[in-house]
Amino acid sequence: MTIVRDGVDKWACFHCPGGCGETIKLSLSKNHRPRWTAISDWLKRPTISPSVRQTNDCRCHFWIRQGRIEWCRDSGSHSQ
């Protein structure tokens, strides 16, 4: 995961774990909606909140917690 900064955190960018190949860009800006928060622990493992839902054909829905993908039950077939 890459955090894009310009004095403040702006974007969290990473490849979709569902296998569709898309780059996911989540807004971290407090001035935009929707927005996410991204933090890293002392091992630099990212946690993203809230969950991430792909609306493309991939249809995956997941959490990123301490660098691990946790799939939601309603996630698409690519993530099972």
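What you are looking at is a predicted structure, and each value in this text was computed from that prediction instead of being measured.

> Give a detailed account of the overall build of the protein, specifying residues and quantitative values.
When helices and strands are tallied, the protein shows zero helices and seven strands. Start at the N end of the protein and walk to the C end: the helices and strands fall as β-β-β-β-β-β-β. For 80 residues, the compact-globule estimate of 2.2 N^0.38 gives 12 Å, and the protein sits close to it at 13 Å. Across its three principal directions, the C-alpha atoms of the protein cover 40 × 25 × 20 Å. For the protein, buried positions account for 32% of its 80 residues.

> Quick rundown of the sheet that holds strand β3 (residues 23-27)? Include the residues and the values.
The three strands lie next to each other as β1-β2-β3, forming an open sheet whose pairing is antiparallel. A single partner strand is all that each edge strand has here, and the edge strands are β1 (2-5) and β3. Averaged over all neighbouring strand pairs, the angle between strand axes comes to 25°, with direction disregarded. In the sheet, strand β2 (residues 9-15) pairs with β3 via five bridges, with the strands oriented antiparallel. Looking at the pairing, C13 lines up with K25 of β3.

> Please give an account of the sheet that holds strand β6 (residues 61-65) that cites residues and values.
Sheet architecture is open: four strands sit in the order β4-β5-β6-β7, paired in antiparallel fashion. Edge positions in the sheet fall to β4 (37-40) and β7 (68-71), since each of these pairs with one other strand and no more. Neighbouring strand axes in the sheet, compared pairwise and without regard to direction, differ in orientation by 25° on average. Here three bridges tie strand β5 (residues 46-53) to β6, and the two strands are oriented antiparallel to one another. The residue bridging I48 from the neighbouring strand is I64, located in β6.

> Which residues make up the nonpolar core, and what values do they have?
Nonpolar side chains in soluble globular proteins tend to be buried together. Among the nonpolar cores identified, the biggest contains 13 residues, and F14, I24, L26, W36, I48, V52 and F62 are the most heavily contacted of them. Looking at this core, the elements with two or more residues in it are β2, β3, β5 and β6.

> Could you give an account of the pairing of β4, with specific residues and numbers?
Two faces make up the sheet, and in a regular strand the side chains alternate between them. Relative to β5, β4 runs antiparallel, the two being bridged by four bridges. Residue pairing across strands places S40 opposite P46, the latter belonging to β5. Counting the residues in the hairpin turn of β4 and β5 gives five residues, including K44, whose phi is positive at 65°.

> Any details on the environment of G76? Residues and values, ideally.
As for its position among the elements, G76 is in the segment after β7. For G76, the contacting residues outside a window of four places in its chain are C58, R59 and C60.

Conventions adopted
Residue positions are given per chain, counting from 1 as you read along its sequence in written order. At least 70 in pLDDT is required for a residue's local features to be given in this predicted model, at least 80 for side-chain atom pairs to be given and counted, and no such filter applies to totals for whole chains, interfaces and linings, which use all residues. Hydrogens and water molecules were not included; the side-chain quantities draw on all heavy atoms of the structure. The way it works is that DSSP assigns letters per residue, a run of H or I at least four long becomes a helix, a run of E at least two long becomes a strand, and they are numbered from the N terminus. In this description the radius of gyration comes from C-alpha coordinates, and the expected globular size is given by 2.2 Å times residues to the power 0.38. When a residue's accessible area, from a 1.4 Å probe over protein chains only, is under 20% of the maximum for its type it is buried; when over 50% it is exposed; and in between it is partly exposed. Here the rule is simple: two strands pair whenever DSSP picks up at least two bridges between them. As a rule, the C-alpha atoms of each element are fitted with a line to give its axis, helices using only the stretch in contact, and angles between N-to-C directions run from 0 to 180 degrees. To qualify as a nonpolar core, a set must consist of buried Ala, Val, Leu, Ile, Met, Phe, Trp, Tyr and Cys residues joined through side-chain atoms within 4.5 Å. Two residues qualify as a contact provided that any one of their heavy atoms is within 4.5 Å of a heavy atom in the partner residue.

Without other data, these values stay purely geometric and don't point to any function.
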